[in-house]
Amino acid sequence: MNKLLLSIMSLAMSALPAAAQSRINDEAVQRARQIVSKMTLEEKCRLIHGDESRETPDCDGFHILGNERLGIPAVRMADGPQGVRNNTHSTYYPCGISLAASWNRDVATGVGTGIGYDARSRGVGIMLCPGVNIYRTALNGRNFEYYGEDPYLASETAVNYIKGIQSRGVMATIKHFAFNNQEYDRHSVSSNVDERTANEIYFPTFRKAVEQADVACVMTSYNPVNGTHAAENPWLIDGNLRSWGFRGIVMSDWTSTYSTIDCVTGGVDLEMPRDYVMNYELVKPLVDNGVLDEAVLDRKCVNILSTLCAYGFLDNPMQDPDIPEDYELSRQYALAAALEGPVMLKNEKLLPLKPFSKGKDIVVLGPNADIVPFGGGSGKMSPIEGRNISLYRGLSELGKGYKTTLMDWKNPDWTRLGKATAVVLAVGFNHDTEGENFDRSYALPEGQDELIRRVAATNPNTVVVVYSGGEVDVTGWLDKVPALIMAWYPGQEGGTAMASILSGKTSPSGRLPFTFWGSLEKNPAYANYYVNKDKAEYANEKRFWKYPFVEYREGIFVGYRGVEHFGVQPLFPFGYGLGYSQFEYKDIVVAEGLDGFSVTFTLKNKSLVKASEVAQLYVAPVDSKVLKPARELKEYAKLYIEPLKSQTITLHLPKSCFSHYDTATSSWVVDPGKYMIQVGASSLDIRLEASVTVK
Ligand code: BGC
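Numbering of residues starts from 1 in every chain and runs along the sequence as written. With the structure being a predicted model, the display of local features is reserved for residues of pLDDT at least 70 and the display and counting of side-chain atom pairs for 80 or more, all residues being used for whole-chain, interface and lining totals. Hydrogens and water molecules were not included; the side-chain quantities draw on all heavy atoms of the structure.

(A) Representation of the pattern of salt bridges within the structure. Any Lys or Arg side-chain nitrogen located within 4 Å of an Asp or Glu carboxyl oxygen qualifies as a salt bridge. Under the counting rule described, the total for this entry stands at 39 salt bridges. Where R105 meets E156, a salt bridge forms, and the shortest distance between an N and an O atom there is 2.8 Å. Of this pair, R105 sits in helix α5 (residues 105–122) while E156 sits in helix α6 (residues 151–167), and the two are 51 residues apart along the sequence. Overall, the relative accessible area of 22% leaves R105 in the partly exposed class. Taken together, the shared-partner salt bridges in this structure form one network comprising R142, E145, E183, R186 and E436. Helix and strand assignments come from DSSP, with helices taken as H or I runs of at least 4 residues and strands as E runs of at least 2, each series counted from the N terminus. A 1.4 Å probe rolled over the protein chains alone gives each residue an accessible area, and that area as a share of the maximum for its type sets the label: buried under 20%, exposed over 50%, partly exposed in between.

Below you can see the structure in the form of structure tokens.
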């Protein structure tokens, strides 16, 4: 990331409150209480839901409703997470999986900050992002919005993204709480998860967003959790979320509420997009009959108003007219992120592409060659006119001796394709084939495998660029192509960024934020993923239980944590990715301190190419008494190193890195004993090791 961006960012970040002190301080709560004391029951009921009647502009299903009598303004919301959506065109940033794949906290902060500016310029007070549900299998239609399979990487990405948004005085909403790890039948399939797995794998990102980023809002998920819908689930909301110190607004996902009493007492403060169950007509009799204590409603109103107060929304306009809607800084953040997300999985001496010679050119083709693909649903953006740069446009703007030709992929000129210097084949999914409310196929959409095989057979210098939210089936063609890059959904600057990577101006520095198994069946979650169930079994569950359910039987052994435990070898491990340079790892020194260990080591860029490396720090228990994964990611650093230069870095491992969640005491417990500290270029490419004893 360039120096100008970094310095602007650190200015923005210096305004942030320390994590432990919530913006929603006692003063804000006090003021909220005073307002609530003046509210009628009807007014209280009107504050705790949206309205999509469209009678006034605020009744569009994307507002907290205002109250003129009490001086409460309506507060506008917008999706998320790739930019500001809903009735606007806006800067379109790389998707979540791309941010996680960058393994760069500054990238996440930058995108969050850009979104914060874009929101402010439009008067949006609440952004409905980030989405942080853990990647269990490639099939979940919304993986592209999320941050991969590892809770530590996901947390770091989320915390920085949220800090970025909130640094601009805009609220972030972390979603979908919790266990919304599939889109298939998402309203009725209960995610059944044990307590240790919940705390070690699925809760940490939400928890750190509360504890470290002071996130303002949390959105519950559609699915039931252990048999009770998330928006009506006291175990989830009061038992966990509020116990982590969350003081902000809990809102339901759009249309995920079912019963008035369960919803009112279950913990949700704000029902969206309208008053299906939390309305005056249904709530009043419960209060009148003494079934419901009005104080329960007061608490919801206080949560909402104290959060609005903490962000200054009760006193100041949310819109900042000095920020342009098409902001140069936002575009720079989008580009900086797009340059670091793509992951190069294979390169047999084809990349970087050389400029054309002797009349030869680079041919670009494929369904995603001349569009900017994106995932579908509420994460789908409306970009600003003229700002979207396709892969073809990016390559054709390279200049410097590069000549690029776009070819019709449905009707390729095979003779010409035989003659090109190289072929860039852009395949993958888009908003029709991968998105919200449905799970996607593992295979690339119809016809694409065959296209890849034919193109590669015609021109062996073919690089395949895949646009998707996760792993795809590569078995039919991987051995036939010399190069493969995962581009995710890279946003409006994706074409420029990919051209920079393909031409060698930028060395690819993304690393896999999930395990690329190479087969759907190898994934430890495969047998426990709903769609694989036999139809009769599914129907039976629906009949005998209130809800059909999916049991997270792989437990804590999600993704790379399952490699050794289940004895399965992935095609490309978690953390893997190639660049145009090689790095040497050396000189590990581990020192014990008051709270844990500091780990110092040196990276050397052995090549003549400037590049970044992601050094990953895993903790591996030796003879642990508690059942644990072979190793777990506990720290990482992305270092940009000039050719032939070295850099020494120290990473800190607090004692909490050696703990597990103990269900007997419902707390995190440090496990004394011997551990290996492993530093590597991926979860299966450990370059340095040192042993430590935790007392
Ligand atoms: C999605 C949420 C989104 C909401 C509002 C729902 O369908 O699950 O992620 O924020 O719609 O668009």
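(B) Spotlight on the confidence of the model for the protein. Summary of the metric used: pLDDT quantifies the predictor's per-residue confidence within the range 0 to 100. On average, residues of the protein score 94 in pLDDT, and 95% of them reach the 70 mark or higher. We call two residues contacting when some pair of their heavy atoms lies within 4.5 Å. A low-confidence stretch, residues 6–19 stays under pLDDT 50, and its non-local contacts, those more than four residues away or across chains, total 21 contacts.

(C) Molecular detail of helix α11 (residues 280–288). Of the residues making up α11, those classed as buried are V283, L286 and V287. Summarising the axial view, the buried residues of α11 lie within an arc of 100 degrees, below the 170-degree limit, and thus occupy one face. Away from its buried face by more than 90 degrees, α11 exposes E281 and D288. Packed against the buried residues of α11 are α3 (41–47), α10 (260–266) and α12 (294–310). G290, located one to two residues past α11, shows a positive phi value of around 80 degrees. By definition, the arc is the one covered by directions from the helix axis to the C-beta atoms.

(D) Seen up close, the pairing of strand β19 (residues 611–621). Among the 11 residues that make up β19, 10 are buried, leaving the element largely enclosed by the rest of the structure. At least two DSSP bridges between two strands are needed for those strands to be called paired. Alignment of β19 against strand β20 (residues 632–641), held across 9 bridges, turns out to be antiparallel. Pairing of V619 across the sheet is with E632, part of β20. Examined bridge by bridge, β19 and strand β24 (residues 673–682) share 6 bridges and lie antiparallel to one another. Bridge pairing in β24 links Y618 to Q678.

(E) Summary view of the environment of S243. Residue placement: S243 occurs in the loop between α9 (234–241) and β9 (249–251). Taking the C-alpha atoms as reference points, S243 and R207, separated by 36 residues in sequence, lie 9.7 Å from one another. Here a polar contact is recorded for every N or O atom pair within 3.5 Å, except that within protein the pair must consist of a potential hydrogen donor and a potential acceptor, and residues adjacent in sequence are included only if both atoms are side-chain atoms. Reaching out from S243, the side chain makes a polar contact with the backbone oxygen of N240 at a distance of 2.7 Å.

(F) Region of the structure containing the site of the ligand. Definition of nearness: a residue and a molecule or strand are near each other if at least one heavy atom of the residue lies within 4 Å of the molecule or strand. As a structural note, the neighbourhood of the ligand is formed by 13 residues, with D79, R142, H176, D253 and E436 the closest of them. In this structure, D79 approaches the ligand through a side-chain N or O atom, which is 2.4 Å from an oxygen atom. Within the contact set of the ligand, an oxygen atom lies 2.7 Å away from a side-chain nitrogen or oxygen of D253. With the chains in place, 92% of the 310 Å² that the ligand exposes on its own is no longer accessible. Charged means Asp, Glu, Lys or Arg here, nonpolar means Ala, Val, Leu, Ile, Met, Phe, Trp, Tyr, Cys or Pro, and polar covers whatever is left, Gly included. Here the residues of the shell around the ligand are counted per class, giving 5 nonpolar, 2 polar and 6 charged. Note on areas: Shrake-Rupley, 1.4 Å probe, and residue coverage restricted to the protein chains presented here.

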